[in-house]
Amino acid sequence: MLKPCEGSAPPGTSGATAIVVSDSLYIFGGYRDNGNTNDLYRLDLDSLMWEYVVGENVPPVPCDKLVGWHYRDKLFFFGGFGVIPTAEVNQQKGFQFVVDESTPWHYRRGWNNQFVMFDPETSAWKWLTYEGTAPLPRAAHAAARISNRVYIFGGRYRNTRMNDTHCIDMTTLTWSGSLPTRGPQPRGRSWHSLTGLSSERLVLYGGFSQNSEPLSDCWLLELSSLTWVQVALPFQKPRLWHSAVLSPFDEVLIYGGCTQNILDQDIIPEHAGEIIILRFTPKSLFRICLDRTIQCEGVLRCYWPLLPNSVQQLLRSRLIGSRHTSLGGS
C-alpha cells in the first residue's frame, strides 16, 4: 500500500542501503543521475516525514552497493563501490580503496572496505578502529546481524565475485578474517541476500555468479560448526539485487530484484513481481489458524473485532500481501 510522505525525500537512487532503527528508516548512499552520493536521509515512520540528515565529522566515501546494519541504536556501514576517497578518508586506519580501471577517466571509481558508524543521537560519523583482519574491499556483498555478531558473505572485488565469509564481534569490534567454513561451498556471487534465521543459522539465496548467471540456489550456514548445507528447493526462481527479510513466523521472504542477466545489453532484465517464501520448519498452530482465517474471510470477518489487536493487525497485513508464492525449504 502506497502512503504519501512529506518533507525532504531522497531523490531516485539505486544501490542505497536502508536501516530501520526504532521508529525511523534511514537511507544512505547509492547512485544517482549525477553519480555516487553519501547523503543520509531519515523517515519518521509515525509521521511519514522525511528529513535530510547533516552529519558531523568525516563522512563515508560516496558509494553504492554497500551493506549496513544497526546495533545498540547506531548505524554501521561496510564496503561499497564509489569515488576516489579524499585525503582525510585515506588517513583512516585500515581503510583500503582499489580503483576499477574500467571506469571512465573523468569519473574513476572503485571498491573500498570502509567501516563507519553514525550515531543518530549526536548526528556524528565515526570511522571505527578495529582488531583482527577485515574483509577485502568489496561491493554488492550481503550482511546479516545475529545478536552481537555480523556476518558478511561474498561480493565483487576487481574481476572476482567472492564466496568468503567474515564475522565481526560488535562488542569488541574484532574481525574474524575469512572463516574456515566446511562442506560444499556456495559459488562466488554478488547481489545476493543473507538472512539470519536463528541464533545458529544463516540463509543465503540467489545472486549473480562469476559467469554473469542469475542464481536460484539456497544455502544454510550452520554457525555452530561453520558448515554450509545446500537446500533442495522444488523450484528454480533466479533472483539478484533482491531483498530478504525474516517474517514473524520464522520464514525468509524474498522479494524484488531481477531474474535475468542485468549486464546483457540485448535484453531488458525482468523485475520479479512475486514474493518467495522459504520455510525451514513446520507451520505453528497459530500460523495454521491465521491461514485458515484468511481463507474463510467471508464467513469469519465479522468476528475479527473480538480478536486481540495484535492478531487483527496480522490478519490485515496478510490480506494486503495475500498475493505471494509460498514455497518451502527443508
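Cut-offs applied
- Residues numbered from 1 in each chain as written.
- Predicted model: local features only at pLDDT ≥ 70, side-chain atom pairs only at ≥ 80, totals over all residues.
- Heavy atoms only, no water.
- Helix = DSSP H or I, 4+ residues; strand = E, 2+ residues; numbered from the N terminus.
- Rg over C-alpha atoms; globule rule 2.2 N^0.38 Å.
- Buried < 20%, exposed > 50% of the residue type's maximum accessible area, 1.4 Å probe, protein only.
- Contact = heavy atoms within 4.5 Å.
- Areas by Shrake-Rupley, 256 points an atom, 1.4 Å probe, with all protein chains shown as cover.
- Lys, Arg positive; Asp, Glu negative; His and termini not counted.
- Charge placed at Lys NZ, Arg CZ, Asp CG, Glu CD.
- Core = buried A, V, L, I, M, F, W, Y, C linked by side-chain atoms within 4.5 Å.
- Polar contact = N/O pair within 3.5 Å; in protein donor to acceptor, adjacent residues only side chain to side chain.
- Pairing = 2+ DSSP bridges.
- Salt bridge = Lys/Arg side-chain N within 4 Å of Asp/Glu carboxyl O.
- Arc of directions from axis to C-beta.
- Axes fitted to C-alpha atoms, helices over the stretch in contact; angles between N-to-C directions.
- Disulfide = S-S within 2.5 Å.

## Regarding the overall build of the chain
Move 1: The secondary structure content of the chain amounts to 4 helices and 27 strands.
Move 2: Relative to the 2.2 N^0.38 estimate, which gives 20 Å for 330 residues, the radius of gyration of the chain is 21 Å and therefore close to what a compact globule would have.
Move 3: Its C-alpha atoms give the chain principal-axis dimensions of roughly 65 × 50 × 45 Å.
Move 4: Going through the 330 residues of the chain one by one, you find that 49% of them count as buried.
Move 5: Counting contacts in the chain only where the partners sit at least 6 residues apart, residues at least 24 apart contribute 53% of the total.
Move 6: If you sum the accessible surface of the chain, you get close to 16,800 Å²; carbon and sulfur atoms cover 51% of it.
Move 7: One finds the centroid of the 30 positive side-chain charges in the chain at a distance of 6 Å from the centroid of its 30 negative side-chain charges.

## Let's talk about the environment of Ser178
Move 1: When you line up the elements, Ser178 lands in the loop between β18 (174-176) and β19 (189-190).
Move 2: Sequence-wise, Ser178 and Thr103 are 75 residues apart; in three dimensions their C-alpha atoms are separated by 28 Å.
Move 3: In this structure Ser178 touches Asp164, Thr165 and His166, once residues within four positions along its chain are discounted.

## Looking at the nonpolar core
Move 1: Formed by 20 residues in total, the largest nonpolar core has its most connected members in Leu40, Leu75, Phe77, Trp125 and Trp127.
Move 2: The set of elements that each furnish at least two residues to this core consists of β2 (17-21), β3 (24-28), β10 (74-83), β12 (109-119) and β13 (124-127).
Move 3: Looking at which element gives the most residues to this core, the answer is β10, with 3 residues.
Move 4: In this structure, Leu40 is in contact with Tyr26, Ile27, Phe28, Glu51, Tyr52, Val53, Leu75, Phe118 and Trp125, ignoring residues within four places of it in sequence.
Move 5: Trp69, Met117, Val150 and Ile152 belong to the second largest nonpolar core, which has 16 residues in total.

## As for the side chain of Asn261
Move 1: Relative to the assigned elements, Asn261 resides in the loop between β25 (251-255) and β26 (276-279).
Move 2: Within the structure, the side chain of Asn261 is placed 2.8 Å from the backbone nitrogen of Leu263, a separation counted as a polar contact.
Move 3: In contact with Asn261, other than residues within four places in its own chain, are Phe208, Ser212, Pro214, Ile267 and Pro269.

## Thoughts on the sheet that holds strand β1 (residues 6-7)
Move 1: Taken in spatial order, the 5 strands of this open sheet run β1-β7-β6-β3-β2, and their pairing is mixed. In this open sheet, the two edge strands, each paired with only one partner strand, are β1 and β2.

## Digging into the pattern of salt bridges
Move 1: Within the structure shown, the criterion is met by 17 salt bridges.
Move 2: Bridged by salt links that share partners, the residues Glu251, Arg279, Lys283, Arg287 and Asp291 form one connected network.

## Points about helix α2 (residues 285-295)
Move 1: The complete set of buried residues in α2 reads Arg287, Leu290, Asp291, Thr293 and Ile294. One side of α2 carries all its buried residues, which in axial view fall inside an arc of 160 degrees. Among the exposed residues of α2, those pointing more than 90 degrees away from its buried face are Leu285, Arg292 and Gln295.

## Let's talk about unusual backbone geometry
Excluding glycine, a negative phi dihedral is what most residues carry, and trans is how most peptide bonds are arranged.
Move 1: Its identity is not glycine, yet Lys65 carries a phi of approximately 55 degrees, on the positive side.
Move 2: Among the secondary structure elements, Lys65 is positioned in the loop between β8 (63-64) and β9 (67-71).
Move 3: Taking the relative accessible area as the measure of exposure, Lys65 reaches 19% and is therefore buried.
Move 4: In this structure, Trp191 is a non-glycine residue whose phi angle is positive, near 55 degrees.
Move 5: Counting through the fold element by element, Trp191 comes out in the loop between β19 and β20 (193-198).
Move 6: With a relative accessible area of 12%, Trp191 lands in the buried category.

## Digging into the sheet that holds β18
Each strand in a sheet pairs with another by means of backbone hydrogen bonds, the pair being arranged parallel or else antiparallel.
Move 1: Here 5 strands make up an open sheet; going across it, the order is β14-β18-β17-β16-β15 and the pairing mixed. Each edge of the sheet is formed by a strand with only one pairing partner; in this case those strands are β14 (131-133) and β15 (142-146). Along the sheet, successive strands turn relative to each other by an average axial angle of 25 degrees, direction set aside.
Move 2: Judged from the 3 bridges that link them, β14 and β18 form a sheet pairing that is parallel. Opposite Thr133, over in β18, you have Ser176 as the bridge partner.

## Some details on the state of the cysteines
Move 1: This model, assessed by the stated rule, comprises 0 disulfides.
Move 2: Here Cys289 is not disulfide-linked; the sulfur of Cys296 is the nearest cysteine sulfur, at 11 Å.
Move 3: The partly exposed category is assigned to Cys289, whose relative accessible area is 43%.

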